[in-house]
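An overview of the molecular structure
Residues per chain, in single letters:
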Amino acid sequence: MLASKGLGTVLRLWLVIATVLPVLAVAAECSDGCMVDSRDGHFRLTLTPVPGDVPLRVHHDWFVDVHTADGQPVELDGLTVSGGMPGHGHGLPSQPRAEQYLGNGRYRVSGFLFNMHGEWNLRFQLVKGSIQDIAETTLALDF
């Protein structure tokens, strides 16, 4: 009886570790910011989840820092976000929006939601005057 209780505890502990560690690994991947250059080279973005991890099935925000290729902060005329899971054939289950410009090229984008593990593509459409560019990245989330 004690042996089976001990085995059950070990199995439950292993399940918790197997579930939590990948989330922590994903959080570390972008916790200091993921850098993405726009397709035409007009902008460099740094993407940082707020408060520093990427939760599963929870709406959350990201900071998006936008700079020119030579490092100058950019106040955009437009920033939209889309994305999805091409491997599954669906878009994001939410509609993230750049709702707040914080100054010095930093935006707070609200409403990210990742509802499963796998590869998620994120697409940022950027407009500054007559310049329109796109920045894309893929996040491999393993919750």
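The following refers to the structure shown. This structure is a prediction, so every number in the text was calculated from the model and none was measured. (Residues numbered from 1 in each chain as written. Predicted model: local features only at pLDDT ≥ 70, side-chain atom pairs only at ≥ 80, totals over all residues. Heavy atoms only, no water.)

**What to know about the overall build of the protein chain**
Looking only at helices and strands, the protein chain features 1 helix and 9 strands. For the protein chain, the residues scored as buried account for 38% of the 143 residues in total. A fraction of 58% describes how many contacts in the protein chain between residues 6 or more apart in sequence connect residues 24 or more apart. If you sum the accessible surface of the protein chain, you get close to 8300 Å²; carbon and sulfur atoms cover 55% of it. (Helix = DSSP H or I, 4+ residues; strand = E, 2+ residues; numbered from the N terminus. Buried < 20%, exposed > 50% of the residue type's maximum accessible area, 1.4 Å probe, protein only. Contact = heavy atoms within 4.5 Å. Areas by Shrake-Rupley, 256 points an atom, 1.4 Å probe, with all protein chains shown as cover.)

**Considering the packing of aromatic side chains**
A ring pair, where both rings are aromatic, is described by two values, the distance of the centres and the angle of the planes. Overall, the coordinates contain 4 aromatic pairs when judged by the stated rule. Between Trp62 and Phe112 the ring centres are 5.5 Å apart and the planes differ by 50°, which places this aromatic pair in the tilted class. Of the two residues, Trp62 is situated in strand 3 (residues 60–68) and Phe112 in strand 7 (residues 106–112); the sequence distance between them amounts to 50 residues. According to the relative accessible area criterion, Phe112 is buried, its value standing at 1%. Measuring from ring centre to ring centre gives 4.7 Å for Tyr101 and Tyr107, while their planes differ by 50°; the resulting arrangement is tilted. Overall, Tyr101 belongs to the partly exposed group, its relative accessible area being 33%. A connected cluster of aromatic rings, assembled from ring pairs, spans Trp62, Phe112, Phe114 and Trp120. For the cation-ring pair, Arg106 lies above Phe63, with the distance from its terminal atom to the ring centre recorded as 4.1 Å. (Phe/Tyr/Trp six-rings, centres within 6.5 Å; stacked < 30°, edge-to-face > 60°. Lys NZ or Arg CZ within 6 Å of the ring centre and 35° of its normal.)

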